[in-house]
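Spelled out, the chains give:
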Amino acid sequence: MNDALLEFEIVVVGGGPAGLGAACAAAECGRRVALVDDTPWLGGQIWRGQKGRPRQALQWLERFQRCGATLLDRTSVIAVPRPGLLMAECEAEPREIRYANLILATGARELFLPFPGWTLPGIMGPGGMQSLVKNGWPAQGRQVVVAGSGPLLLAVAGGLRKYGANVLCIAEQAPWPRVIGFGLGLLAHPSKLWQGAQIKSRLIGVPYRCGVWPVRAEGSAQIRSVTLTNGQTTWTEECDLLACAFGLVPNVELPLAAGCELKDGFVRVDQWQAAGAKGIYCAGEPTGVGGADCALVEGQIAGYAAANQPARAQALFARRASWHKFRAALAAAFALRPELKTLAAEDTLLCRCEDIPLGQVRQHESWRDAKLQTRCGMGPCQGRICGAAAKVVLGWGMESVRPPVLPARVRSLILKTNNSQLHSPDN
Ligand SMILES: Cc1cc2nc3c(=O)[nH]c(=O)nc-3n(C[C@H](O)[C@H](O)[C@H](O)COP(=O)(O)OP(=O)(O)OC[C@H]3O[C@@H](n4cnc5c(N)ncnc54)[C@H](O)[C@@H]3O)c2cc1C
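Residues numbered from 1 in each chain as written. Predicted model: local features only at pLDDT ≥ 70, side-chain atom pairs only at ≥ 80, totals over all residues. Heavy atoms only, no water.

Q: Can you tell me about the sheet that holds strand β12 (residues 213–219), naming the residues and giving the values?
A: On the basis of which strands lie adjacent, the open sheet formed by three strands has the order β12-β13-β14 and antiparallel pairing. In this open sheet, the two strands that pair with only one neighbour each are β12 and β14 (234–238). Across this sheet, the average inter-strand angle for adjacent strands is 25°, counted without regard to direction. Relative to strand β13 (residues 223–229), β12 runs antiparallel, the two sharing six bridges. Of the residues in β13, the one forming a bridge with Arg216 is Thr227. (Pairing = 2+ DSSP bridges. Helix = DSSP H or I, 4+ residues; strand = E, 2+ residues; numbered from the N terminus. Axes fitted to C-alpha atoms, helices over the stretch in contact; angles between N-to-C directions.)

Q: An account of the pattern of salt bridges is requested, with residue identities and associated values reported.
A: Per the counting criterion, the structure on display carries 15 salt bridges. One salt bridge in this structure joins Arg63 and Glu28, with 2.8 Å as the shortest N-O distance. Of this pair, Arg63 sits in helix α3 (residues 55–67) while Glu28 is found in helix α1 (residues 17–28), placing the two residues 35 residues apart along the sequence. Between Glu89 and Arg409 there is a salt bridge, and its shortest N-O distance comes to 3.4 Å. Note that Glu89 is positioned in strand β5 (residues 85–90) and Arg409 in the segment after α14 (386–394), a separation of 320 residues in sequence. Given the relative accessible area of 7%, Glu89 is considered buried. (Salt bridge = Lys/Arg side-chain N within 4 Å of Asp/Glu carboxyl O. Buried < 20%, exposed > 50% of the residue type's maximum accessible area, 1.4 Å probe, protein only.)

Q: Break down the pairing of β13 for me, with residues and values.
A: Most of β13 sits inside the fold, with six of its seven residues counted as buried. By the bridge criterion, five bridges tie β13 to β14 in an arrangement that is antiparallel. Across the sheet, the residue bridging to Val226 is Glu237, located in β14.

Q: How would you summarise the environment of Ala155 if you had to cite specific residues and measurements?
A: If you trace the backbone, Ala155 turns up in helix α5 (residues 152–162). Residues Ala155 and Gly16, 139 residues apart in the sequence, show an inter-C-alpha distance of 18 Å. Setting aside anything within four residues of it in sequence, one finds Ala155 in contact with Gln130 and Ile199. (Contact = heavy atoms within 4.5 Å.)

Here you go:
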């Protein structure tokens, strides 16, 4: 099906918990709905993969099969050329998708911060390493250090151990008192408490060190060791893998391209999950990092609101409020310590795609200026890794987003309709 034009009443972008919740809610109200996701699997970051999905995931995937929505998988949405039209690419073929209402549920990615040696082979995000291992990458017998921040470290360490890795330690940058406070707060969310207890039981014997962060990784063709500190003492762990990320960064590029506004780095939404321009909604991690249950309830509210069923949306407001408390507690407990801004030396790469060191980027006044002068953020990741790091390390914001929001072929950028032009909201 080449160059097909597809048309729906409601288009949901993102097949994670938020997108599934939104698509099911809207389609069950009798709307013509499409769910678009760039991967071959439904379920987003948490439920991706064929084996070992939890019961909650299976229930939602079955509900989606029954709801009557159309699945457009392997389809990346790359631009919003004008209201009502998405430009997408499916297996190298361009697609145009028309919508009356759009729900953006684009999720989040891992936050990487530069420190000497952070680009060595064998160092990757915990979520990324988990995905590889779940899909058959051999972890058996590997010596792994898990470092960075957030509850995902524990989940990943538990998973790696299950697949036979030797997890040497988990280094959490947040201090003990905040982590303990967060743990006690889980009493209000028994499902999370149960999940946490299950994970912890898989990690018996693995040291969980709070207030500890990586300062340096060493090796040549492969990481051989990581040096950790608690601010007073510094020590080295020999390892052959380091799973390291400092929490999650929301994927706000497509929402920005659709004209949504940000508040404190997240998409600003109202009580209906409506975001800025008419007919556009946003749900899940782009509006705040709160986990799968929070994403599910936000997605359903967006789905009902887009389907013009306000009472059904309203019935979920209390549940969402409870998950928003959890979300706020998560952000407070795992807030990044200031020391992480100074881990990189002047010659440490900030932009690994274009090989630009921090010292060179720092000479410029803004992200835009540095991009123009050094090409940082202009490689294959398009600033998704180094732009987020520059925000933390240098305090620079992303002033605008330009299409395509994901890497795309040139021919996908050439719209077939005469009346539409590729544009970003600021041009
Ligand atoms: C790498 C990673 C691993 C994680 N692992 C766990 C875990 O093991 N346990 C846990 O509790 N939490 C995990 N999380 C956190 C978890 O993903 C979230 O809490 C939850 O899934 C959020 O749901 P969501 O629907 O908002 O986003 P997501 O689940 O991230 O879903 C967003 C979906 O949108 C798709 N997408 C984004 N942009 C586009 C586009 N332009 N075009 C088409 N599709 C697009 C993405 O590919 C993705 O499938 C992980 C997060 C990450 C980043």
